[in-house]
Amino acid sequence: MATSGITDWPLTAGEIVQQAMVNIGALTSGDSPEASEMTDGLVTLNSMLKTWSRKVNLWRDGIATVVISGGVGAATLPQEVRDLNSVRQVISATNHRLLTPWNRDQYYSMPNRAAIGNPTIYYVKRDLNDVEIRIWPVPAADITLHLDYACAAETVTAPDEELDIGQEWGETIILNLAARLAGIFGASRMDPQLVASVTQRAAILEQELFDSDRPDTIEFQSWTGDSCCA
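Throughout, a residue's number is its position along its own chain's written sequence, starting from 1. Totals for whole chains, interfaces and linings use all residues, but because this is a predicted model, local features are given only for residues with pLDDT of at least 70 and pairs of side-chain atoms are given and counted only at 80 or more. Neither water nor hydrogens contribute to the side-chain values; these are computed over all heavy atoms in the structure.

J.: Give a detailed account of helix 5 (residues 192–211), specifying residues and quantitative values.
T.: Its 20 residues give helix 5 an end-to-end C-alpha distance of 29 Å, which sits within 8% of 28 Å, the value for a rise of 1.5 Å per residue. The buried label goes to any residue with under 20% of its type's maximum accessible area, the exposed label to any with over 50%, and the partly exposed label to all in between, with areas taken from a 1.4 Å probe on protein chains only. Only DSSP runs of H or I reaching four residues or more are called helices, and only runs of E reaching two or more are called strands; each is numbered from the N terminus. Of the positions making up helix 5, those classed as buried are V195, V198, A202, L205, E206, L209 and F210. All buried residues of helix 5 lie within an arc of 135° about the axis, which places them on one face of the element. Along helix 5, the residues that are exposed and aim more than 90 degrees away from the buried face are Q193, Q200 and D211. Within 3.5 Å is the distance limit for a polar contact, defined as a pair of N or O atoms, with the added protein rule that one can donate a hydrogen and the other accept it, and that residues adjacent in sequence qualify only through two side-chain atoms. Of the residues flanking the start of helix 5, the one acting as N-cap is D191, its side-chain oxygen 3.0 Å from the backbone nitrogen of Q193. Multiply 1.5 Å by the residue count of a helix minus one, and that product is the helix's expected span. Regarding the arc, it is the one traced by the directions from the helix axis to the C-beta atoms.

Printed below as a string of structure tokens:
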């Protein structure tokens, strides 16, 4: 018998919310969530993904190129950039020099953060609206840095959007969303054994997600001002 020949499994956010509700008995198979239920489902889905992004990079690897202006020693990065795995100064096409990461205390303990010279360290300053990389010593002329980083998954804004995460984690996402929605839709009104079974399976899949090795290479993009992982 012939197979489909298809490996793509493009679930939308709305389909994930629907399947999550079906799994806990909050929705009958074939029915669609009400508008308010879909809103709650998407908020919970985004909340879950943002929480996960603190624990695992969700296979959103990126590479960016950024120019540091001479005499400035800093540049703004996209909000999507999470952990920087490495920062390298481009010396030539075949020679990159690795910079050493410093934390906030180390960076601000320096007596002269405006000192001019060949950069050896970098510090990432993050606040509510901006992500900034600072290097020291500050270069006298413009230099180029190559950044290797983990990138946050894109926020879901509508039910017809697909998730920005590998499709192999579809079951993990559906069941973990189902476990979270059980409380919202009233676990007491559902089959407690069903909810417990879904919650247990969701916890196992979530741990597998966290324990999985990062792939060597998923996607590469030089950042020129667009989303870091378009």
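There is more to say, and it comes next.
J.: Account for the environment of Y108, with residues named and values stated.
T.: Turning to its location among the elements, Y108 is positioned in helix 3 (residues 104–108). Look at Y108 and you get partly exposed, because its relative accessible area is 31%. Sequence spacing of Y108 and Y123 is 15 residues, and the spatial spacing of their C-alpha atoms is 9.7 Å. A distance of 2.9 Å separates a polar atom in the side chain of Y108 from a polar atom in the side chain of R134.

J.: Lay out the pairing of strand 6 (residues 121–126) with the relevant residues and their values.
T.: What makes two strands pair is DSSP finding at least two bridges between them. Strand direction decides the pairing type here: strand 5 (residues 100–101) and strand 6, joined by 2 bridges, are parallel. By the bridge assignment for strand 6, P101 is matched with Y122. If you look at the hairpin formed by strand 6 and strand 7 (residues 131–136), you'll find 4 residues sitting between the two strands.

J.: Which residues make up the packing of aromatic side chains, and what values go with them?
T.: Aromatic ring pairs are defined here through the distance separating the ring centres and the angle between the ring planes. Whether two aromatic rings pair depends on their centres lying within 6.5 Å, for rings of Phe, Tyr and Trp, where Trp uses its six-membered ring; planes under 30 degrees apart make the pair stacked, over 60 edge-to-face, and the rest tilted. Under the defined criterion, the tally for this structure stands at 3 aromatic pairs. Between Y107 and Y108 the ring centres are 5.2 Å apart and the planes differ by 90°, which places this aromatic pair in the edge-to-face class. Ring centres of Y108 and Y123 lie 5.8 Å apart, and the angle between their planes is 80°; on these two criteria the pair is classed as edge-to-face. Note that Y108 is positioned in helix 3 and Y123 in strand 6, a separation of 15 residues in sequence. A network of ring pairs unites the aromatic residues Y107, Y108 and Y123 as a single cluster.

J.: Describe the pattern of salt bridges, listing the residues and the values that go with them.
T.: Think of a salt bridge as a Lys or Arg side-chain nitrogen and an Asp or Glu carboxyl oxygen that are within 4 Å of each other. Under the criterion given, the structure shown has 4 salt bridges. The shortest N-O distance in the salt bridge between K125 and D127 comes to 3.5 Å. When its relative accessible area of 36% is taken as the criterion, D127 is described as partly exposed. Of the charged contacts, one joins R180 and E206 as a salt bridge, the two residues approaching to 3.4 Å between their closest N and O atoms. Placement of the pair is R180 in helix 4 (residues 170–184) and E206 in helix 5, with a sequence separation of 26 residues.

J.: Could you give me a rundown of the nonpolar core, with the residues and numbers involved?
T.: In terms of nonpolar packing, the biggest core is built from 34 residues, with L45, L163, I173 and L177 touching the most fellow members. Elements represented by at least two residues in this core include exactly helix 1 (13–23), helix 2 (35–52), helix 4 and helix 5. Here the element with the most residues in this core is helix 4; it accounts for 7 residues. Throughout, a contact is declared for two residues whenever any of their heavy atoms are within 4.5 Å. With residues up to four places along the chain from it excluded, the contact list for L177 reads I16, V17, A20, G41, T44, L45 and M48. Counting residues in each nonpolar core, the second largest holds 18 residues, with A64, A75, I135 and L147 among its members. Working definition of a nonpolar core: buried Ala, Val, Leu, Ile, Met, Phe, Trp, Tyr and Cys residues. They are joined through side-chain atoms within 4.5 Å.

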